[in-house]
Amino acid sequence: MNYYYNPEVKYLLINQSKEKETMQYQSLNIKVPKIGPRPPYYIHPRYEAYYPLI
């Protein structure tokens, strides 16, 4: 088995960050945390098929 190192994987293990990123929304520039709280995830998601209306 081949292993490889990806430095971006460490961001998955961090809950919060003190680093700030500039977010632009319309004419506003807002400083937000680079890593914030993650949305909840589910172990067994249920996917339901749906058909779009044409």
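Residues numbered from 1 in each chain as written. Predicted model: local features only at pLDDT ≥ 70, side-chain atom pairs only at ≥ 80, totals over all residues. Heavy atoms only, no water.

Chemist: Is there a simple way to explain the overall build of the protein in this structure?
Modeler: Within the protein, the regular secondary structure consists of zero helices and two strands. Long-range pairs, those at least 24 residues apart, make up 16% of the contacts in the protein between residues at least 6 apart in sequence. Carbon and sulfur atoms make up 57% of the accessible area of the protein, which totals about 6600 Å². (Helix = DSSP H or I, 4+ residues; strand = E, 2+ residues; numbered from the N terminus. Contact = heavy atoms within 4.5 Å. Areas by Shrake-Rupley, 256 points an atom, 1.4 Å probe, with all protein chains shown as cover.)

Chemist: Mind showing me how you'd approach a nonpolar patch on the surface here?
Modeler: Together, Met23, Tyr25, Leu28 and Ile30 make up an exposed nonpolar region whose accessible area comes to about 380 Å². Of all the secondary structure elements, the ones that give two or more residues to the nonpolar patch are β1 (20-25) and β2 (28-33). Looking at the secondary structure, you find Tyr25 in strand β1. (Patch = residues over 30% accessible without salt bridge, like charges linked within 9 Å, V, L, I, M, F, W, Y side chains within 5 Å. Salt bridge = Lys/Arg side-chain N within 4 Å of Asp/Glu carboxyl O.)

Chemist: Where do I start with unusual backbone geometry in this structure?
Modeler: Negative phi is the rule for most residues except glycine; trans is the rule for most peptide bonds. Phi at Gln26 is positive, roughly 55°, even though this residue is not glycine. For Gln26, the position within the fold is in the loop between β1 and β2.

Chemist: Honestly, the pairing of β1 in this entry has me stumped. Any pointers?
Modeler: Residues in a regular strand point their side chains to alternate faces of the sheet. In the sheet, β1 pairs with β2 via six bridges, with the strands oriented antiparallel. Across the sheet, Lys20 pairs through a bridge with Pro33, a residue of β2. (Pairing = 2+ DSSP bridges.)

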